[in-house]
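Inside the fold
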Amino acid sequence: MAYSKILRRLREEKTNYRKRGTMLMGKRDFITVNITNENTQVQILTPGMAGDKVVASAHSRYLLEKGWKGSRKSVPAAYLTGYLAGKKALGKGAKDAILYTGTRRYTQRMAAALKGVIDAGVEVPADAETFPSDERINGEHLKVKNEVSKIKSTIDTEVK
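To keep things clear, this report deals only with the structure shown in the data block. (Residues numbered from 1 in each chain as written. Predicted model: local features only at pLDDT ≥ 70, side-chain atom pairs only at ≥ 80, totals over all residues. Heavy atoms only, no water.)

1. Overview of the packing of aromatic side chains
- The final tally for this structure, using the stated rule, is two aromatic pairs.
- When the centroid spacing of 5.8 Å and the interplanar angle of 80° are considered together, the rings of Phe30 and Tyr100 count as edge-to-face. One end of the pair, Phe30, is in strand 1 (residues 29-35); the other, Tyr100, is in the loop between strand 4 (97-99) and helix 5 (108-120), with 70 residues separating them in the sequence.
- Residue classification places Phe30 among the buried residues on the basis of a relative accessible area of 2%.
- We classify Tyr100 as buried; its relative accessible area is 11%.
- Arranged with centres 6.4 Å apart and planes meeting at 25°, the rings of Tyr79 and Tyr83 form a pair that is stacked. Of this pair, Tyr79 and Tyr83 both sit in helix 4 (residues 75-91), four residues apart, roughly one helical turn.
- Classification of Tyr79 as buried rests on a relative accessible area of 4%.
- For Tyr83, a relative accessible area of 4% corresponds to the buried category. (Phe/Tyr/Trp six-rings, centres within 6.5 Å; stacked < 30°, edge-to-face > 60°. Helix = DSSP H or I, 4+ residues; strand = E, 2+ residues; numbered from the N terminus. Buried < 20%, exposed > 50% of the residue type's maximum accessible area, 1.4 Å probe, protein only.)

2. Remarks on the side chain of Arg20
- Positionally, Arg20 belongs in helix 2 (residues 17-26).
- Discounting residues that sit within four places of it in the chain, Arg20 has contacts with Thr15, Phe30, Asp52 and Tyr100. (Contact = heavy atoms within 4.5 Å.)

Structure, rendered in structure tokens:
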């Protein structure tokens, strides 16, 4: 019986190679959303044979500079981080993309980040029913209130 080597990233459950191969066949830019214990990171990448190239990236630490109070992994923070990444990607020439979740589940925070990218102007195929409600995106359910529209207008003026 022959030994067959199992790829390390498959063994560690970090990469779904079937889903990634299907995504690479499309030759379109893709969006990744990574939500950690403290922050949210949204990247828009271009696939390539030598490796993926980052077109635009946004991190929720940017919100601290704009006076954000509270969690940087909440639904409103994910929305604004996605909005910032979408604006940066439009400035670099990206017009459309797809969401790549990999081995992660599609959560409300991931949906909020995707809605932010779509609201920035990047065309992404997504069902509007999966997005969180406007009350959750504006943070009305949170104890610490933030001005989402104020930070969104700041992103509009700064990022071109």
